[in-house]
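# Examining the three-dimensional arrangement
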Amino acid sequence: MKPLSVLTRPNIWDLAPYSSARNEYSGHEATVFLDANENPYNAPLNRYPDPLQRELKKKISQIKGVAEECIFLGNGSDEAIDLPYRCFTRPGIDNVVAIEPTYGMYKVCADINDVEYRPVLLDENYQMSAERLLAKTDKNTKIIWICSPNNPTGNSMKREEIIKVIENFEAFVIVDEAYGDFSQEKTLRSELSKYPNLIVLNTMSKAWGCAAIRLGMAFASKEIISIYNKVKYPYNVNLLTQKQAMEALKEPFQVDKWVKILLQERQRMIQSFMLLPICEKVYPTDANFFLAKMTDAQSIYNYLVERGVIVRNRTRVTLCNNCLRITIGTKGENNELLSALRQY
Ligand SMILES: *Cc1c(COP(=O)(O)O)cnc(C)c1O
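Below, the structure is looked at part by part.

Calculation criteria
- The residue numbering used here restarts from 1 in each chain and proceeds along that chain's sequence as written.
- The predicted nature of this model means local features are confined to residues of pLDDT at least 70 and side-chain atom pairs, given and counted, to a pLDDT of 80 or more, with totals for whole chains, interfaces and linings taken over all residues.
- To obtain the side-chain values, all non-hydrogen atoms of the structure were included, while hydrogens and water were left out.
- One heavy atom suffices: a residue is near a molecule or strand as soon as one of its heavy atoms comes within 4 Å of it.
- We call two N or O atoms a polar contact when they sit within 3.5 Å, provided that within protein one can donate a hydrogen and the other can accept it, with sequence-adjacent residues counted only if both atoms are side-chain atoms.
- Surface accessibility in these figures is a Shrake-Rupley result with a 1.4 Å probe; residues are shielded only by whichever protein chains are displayed.
- Only DSSP runs of H or I covering at least 4 residues are called helices, and only runs of E covering at least 2 are called strands; the numbering of each starts at the N terminus.
- Side-chain classes are defined by residue name, with Ala, Val, Leu, Ile, Met, Phe, Trp, Tyr, Cys and Pro counting as nonpolar, Asp, Glu, Lys and Arg as charged, and the others, Gly among them, as polar.
- Note on contacts: a residue pair qualifies if any of its non-hydrogen atoms lie within 4.5 Å across the two residues.
- Whether two strands pair depends on DSSP finding at least two bridges between them.
- Note on geometry: axes are C-alpha line fits, over the in-contact stretch for helices, and angles between N-to-C directions span 0 to 180 degrees.
- A side-chain nitrogen of Lys or Arg and a carboxyl oxygen of Asp or Glu constitute a salt bridge if their distance falls within 4 Å.
- Here, the term nonpolar core denotes a set of buried Ala, Val, Leu, Ile, Met, Phe, Trp, Tyr and Cys residues that are joined through side-chain atoms within 4.5 Å.
- Throughout this description, buried means an accessible area under 20% of the type-specific maximum (1.4 Å probe, protein chains only), exposed means over 50%, and partly exposed covers the range between.
- Centre distance within 6.5 Å is the pairing criterion for rings of Phe, Tyr and Trp, where only the six-membered ring of Trp is used; planes under 30 degrees apart are then read as stacked, over 60 as edge-to-face, and the remainder as tilted.
- In this scheme, Lys NZ or Arg CZ marks a charge over a ring once it lies within 6 Å of the ring centre and within 35 degrees of the ring normal.

On to the site of the ligand, then. Not every one of the 14 residues close to the ligand is listed here, only the nearest: Tyr 179, Thr 203, Ser 205, Lys 206 and Arg 214. One of the side-chain nitrogen or oxygen atoms of Tyr 179 is found 2.6 Å away from an oxygen atom of the ligand. At 2.7 Å, a side-chain N or O of Ser 205 approaches an oxygen atom of the ligand. Burial of the ligand by the protein chains amounts to 93% of its free accessible area of 390 Å². Take the shell around the ligand: its biggest share by element is three residues, from helix H5 (residues 76-88). The class makeup of the residues in the shell around the ligand is five nonpolar, five polar and four charged.

Attention now goes to the side chain of Thr 89. By the element assignment, Thr 89 lies in the loop between H5 and strand S2 (95-100). Separated by 2.7 Å, the side chain of Thr 89 and the backbone oxygen of Tyr 85 make a polar contact. Those residues in contact with Thr 89 that sit more than four places away from it in its chain are Arg 9, Pro 84, Asp 94, Val 96, Val 115, Lys 142 and Ile 143.

The subject of this paragraph is the sheet that holds strand S10 (residues 312-313). Spatially, the four strands line up as an open sheet ordered S8-S9-S11-S10, and their pairing is antiparallel. Bordering the open sheet on either side are strand S8 (279-282) and S10, each of which pairs with just one other strand. Here S10 runs beside strand S11 (residues 323-327); their pairing, made up of two bridges, is antiparallel. Bridged to Arg 312 within S11 is Arg 325. Together, S8, strand S9 (289-294) and S11 form the strand contacts of helix H11 (residues 252-275), whose direction differs from that of S9 by roughly 5°. Helix-sheet contacts for helix H12 (residues 297-306) involve S9, S10 and S11, and the interaxial angle to S11 is about 40°.

Pairs may arise between side chains of opposite charge once their charged atoms sit close together. Summed over the entire model, instances satisfying the criterion amount to 15 salt bridges. Two residues, Lys 186 and Glu 191, come together in a salt bridge whose shortest N-O distance is 3.1 Å. Lys 250 is the partner of Glu 247 in a salt bridge, and the nearest nitrogen-oxygen pair spans 3.1 Å. Members of the salt-bridge network, linked through shared partners, are Arg 159, Lys 186, Glu 191 and Lys 194.

Let's shift gears to the nonpolar core. Trp 145, Leu 215 and Phe 273 are the most contacted members of the largest nonpolar core, which totals 110 residues. Residues contacting Leu 215, with those up to four places away along its chain left out, are Leu 56, Ile 60, Leu 73, Gly 74, Gly 76, Thr 203, Met 204, Val 237, Thr 241 and Ala 245.

We now examine the pairing of strand S1 (residues 71-74). By the alternation rule, side chains of S1 split into Ile 71 and Leu 73 and Phe 72 and Gly 74, which are all buried. Of the strand pairs in this sheet, S1 and strand S7 (residues 216-219) are connected by four bridges, and their pairing is antiparallel. Looking at S7, one finds that Leu 73 is bridged to Met 217.

Turning to the packing of aromatic side chains, a few remarks are in order. A complete count under the given rule lists 11 aromatic pairs for this structure. Consider the rings of Tyr 179 and Phe 289, whose centres lie 5.0 Å apart with planes at 75°: the pair is edge-to-face. Taken together, the positions of Tyr 179 in the loop between strand S5 (172-176) and strand S6 (198-203) and Phe 289 in strand S9 put the pair 110 residues apart, joining distant regions of the chain. With a relative accessible area of 6%, Tyr 179 lands in the buried category. Looking at Phe 289, the relative accessible area reads 2%, which means it is buried. Chaining the aromatic ring pairs together yields one cluster made of Phe 72, Phe 88, Phe 172 and Tyr 228. Positioned over the ring face of Phe 289 is Arg 325, at 5.5 Å from the centre of the ring.

Bringing the sheet that holds S1 into the picture now. The strands that make up a sheet are held in pairs by hydrogen bonds between backbone atoms, and each pair lies either parallel or antiparallel. Across the sheet, seven strands lie side by side as S1-S7-S6-S5-S4-S2-S3; this open sheet has mixed pairing. The sheet is open, and its two borders are formed by S1 and strand S3 (116-121), each paired with just one other strand. Across the sheet, the mean angle separating the axes of adjacent strands is 20° when strand polarity is ignored. Against the sheet, helix H4 (residues 54-64) makes contact with S1, S6 and S7, and its axis sits at roughly 120° relative to S1, the strand it touches most.

The subject of this paragraph is the environment of Arg 118. Here Arg 118 shows up in strand S3. A relative accessible area of 16% means that Arg 118 is categorised as buried. In sequence terms Arg 118 and Val 96 are 22 residues apart; their C-alpha atoms lie 6.0 Å from each other. Leaving out residues up to four positions away in the same chain, Arg 118 has contacts with Asn 95, Val 96, Val 97, Ala 98, Lys 136, Thr 137, Asp 138 and Thr 141.

Take it as geometry only, folks, not as evidence of what the structure does.
Laid out in structure tokens, this is it:
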């Protein structure tokens, strides 16, 4: 890996971060806070929240097995996807490489930041090739994006291929494991100490059932996390989110139960889809959704909308012609989808 001082945008490397009232004092036990121009009434909402979310990180550290100083928390994965662009990529000069098709936010953030986005097609089994990803890089490539399990295809990328990319790339490899809780594959979080250029993303939005609170995570070396902390908004995760996340994280067994039910339902849904005359193929999945190739995705999608059932039409996505992406819902919701499709 190239030194961080070379990979980081010069203006960011030299940045003196905003020092908030809450940052400046430390050490002494304080009881009177007259430093932040807050209203003394209306507790606890009157106070600025902890900019580094220390209590929450302690809890996440236990659950995820990552040291607190190697954790960044953001306003959804959205923030954890945008930040590396703002920290590392020079607009109009640098580029990023990504598997294709994949999650749309990597490209949206590239476009917003005026950074060239270089998609590399997956093969017919939706698998990536390390060699082909690396072949697309040049001296200005700062990030390689890998999503595993991948959205919208659902499958996990082969671990050896991901490792090959990490080991043979001089800049950052970001592996988005938003759906990792649904997969049997070993998480790459456990490899962070081995690979200083690896960044792993997780979210509370999927298996943890907390999309509304907006909490995303990045796990990386403490040096990378320090750069993120310098660039992020000072109070990027609000108090209500921090509190609600603490509550959710107290119930990891609830998540295990949900995952178990959803995986059973996924199996049932896939079997039912394969019996539908309008379904040509269901792709292997490691996530809480599956991709199905239909006879006519657009008209089936329109028909379902009429019936009040919304699925994701991916027919215009590369390599996903005539594909619908189906999220696994409750048994009742899944049955509504099936009965509508049987009447198509
Ligand atoms: C849903 C999803 C996320 C979650 O994004 P949040 O901003 O955390 O809600 C992240 N990555 C992928 C690939 C997703 O599909």
